[in-house]
Every structure is written in C-alpha cells, then in structure tokens.
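# Structural characterization, general
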Amino acid sequence: MHSIEGYSSLPPNCTTRWPPAKAKQILTQTLNSLVNYTKTHFASEEALMQKYRYPEYLQHKAEHDKLTAQVVAFQSDFTAGRSMMTVDLLHFIKNWLAHHIGQIDQKVASFLKQQAA
Ligand SMILES: [Fe+2]
C-alpha cells in the first residue's frame, strides 16, 4: 500500500504574492503531481485487488474512477484557463485521499493480510 506522505507537499505558503505566471506554474505542478500520484496509487491497488479477488473490488474501483474523473476534468479546465484553482480544492482532494487511504484502503490491506496468512 502507498502512504499519504506524498500529499503533504502543497505549496508552502499559498498567501505568498507570486507573479501570476509563477503562481500558475506552481499550482499546475502541484496538481500534476497529485494526479500522477493518485493514478499510480489507484492502479497498483486495483491490480492487487484483482490479483487476490477482493470481494468489494467494483465498489472500490468506482470510488477511484469517480475521483480520478473529477480531478482530471479539473486539471483539464485549469490548464485551459477555464477554472481557477483554490487552496480549498487542493485540500478537498488531499482530505478525500487521506480518508480513502486511511479508512477504505485499510479494508483492502486487512483482506490482503488474510490472504497471505
Ligand atoms: Fe483505494
């Protein structure tokens, strides 16, 4: 399982007055890192669930797919200049992942431990 440590690196001080281009660059990099980490984490977890025939695989994957679709849509809108990124949005994603990894994924971890026993 992956940890949530990768999510702790949001921009250090979001109230800093960056030039707009610099701010967009930092936010874009942060969002891209979040999207890439999320996709990698979800893909490896889904592979494990399938390999060991996790009984709640479909529900779990549906949660992954829902968040991925939301984040990718936002990433696309942000990159195209159709929406603005807020600290609240980044915290929403971070909190969603912390909840998912901290609670939902724990059920998978318990299941996999049983399989290995
Ligand atoms: Fe998961």
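I will try to describe carefully the structure that is included in this document. The shown structure was predicted, so the numbers you read here are calculated from the model rather than taken from an experiment.

## Quick word on the overall build of the protein
Summing up its helical and strand segments, the protein has three helices and zero strands in all. Listing every helix and strand of the protein by position from the N terminus yields α-α-α. Within the protein, the proportion of its 117 residues that are buried is 10%. Looking at the protein alone, contacts between residues at least 24 apart form 75% of all its contacts between residues at least 6 apart.

## A few points about helix H3 (residues 87-116)
With 30 residues, H3 should cover 44 Å at 1.5 Å per step; its first-to-last C-alpha distance of 41 Å lies within 8% of that length. Where H3 bends most, the angle comes to about 40°, and this point is Asp105. The set of residues buried in H3 consists of Ile93, Leu97 and His100. Residues of H3 that are buried sit in contact with helix H1 (20-51) and helix H2 (57-79).

## Things to note about the packing of H2 against H3
Interhelical geometry of H2 versus H3 gives an angle of 165° and a closest axis separation of 12 Å. Taken together, the axis directions place H2 and H3 in an arrangement best described as roughly antiparallel. Between H2 and H3 lies a crossing of left-handed hand. Side by side, H2 and H3 meet where His60, Glu63, Leu67 and Val71 of the first sit next to Ile93, Trp96, His100, Ile104 and Val108 of the second.

## Let's talk about the environment of Asp77
Position of Asp77 relative to the elements: it lies in helix H2. Taking the C-beta count within 10 Å as the criterion, Asp77 has 13 such neighbours and is therefore assigned partly exposed. Not counting the four nearest positions on each side in its chain, Asp77 is found in contact with Arg82 and Ser83.

## Some points on the packing of H1 against H3
One way to put it is that H1 packs onto H3 with a least axis distance of 12 Å and a crossing angle of 15°. The angle between H1 and H3 falls in the class roughly parallel. For the pair H1 and H3, the crossing hand works out as left-handed. On the side of H1, the interface is formed by Thr30, Leu34, Thr38, Glu45, Leu48 and Met49, while H3 contributes Leu90, Ile93, Leu97, Asp105, Val108 and Leu112. Within the contact of H1 with H3, the residues separate by chemical class into eight nonpolar, two polar and two charged.

## As for unusual backbone geometry
Even without being glycine, Arg53 reaches a positive phi, approximately 55°. Its place among the elements puts Arg53 in the loop between H1 and H2.

Parameters and conventions
- Residues numbered from 1 in each chain as written.
- Predicted model: local features only at pLDDT ≥ 70, side-chain atom pairs only at ≥ 80, totals over all residues.
- Helix = DSSP H or I, 4+ residues; strand = E, 2+ residues; numbered from the N terminus.
- Buried ≥ 20, exposed ≤ 12 C-beta atoms within 10 Å, placed from the backbone.
- Contact = placed C-beta atoms within 7 Å.
- Expected span 1.5 Å × (residues − 1).
- Bend = angle between axes of the 7 residues up to and from the residue.
- Axes fitted to C-alpha atoms, helices over the stretch in contact; angles between N-to-C directions.
- Parallel < 35°, antiparallel > 145°, perpendicular 65-115°, else oblique.
- Left-handed = near helix turned anticlockwise from the far one by under 90°.
- Nonpolar A, V, L, I, M, F, W, Y, C, P; charged D, E, K, R; others polar.

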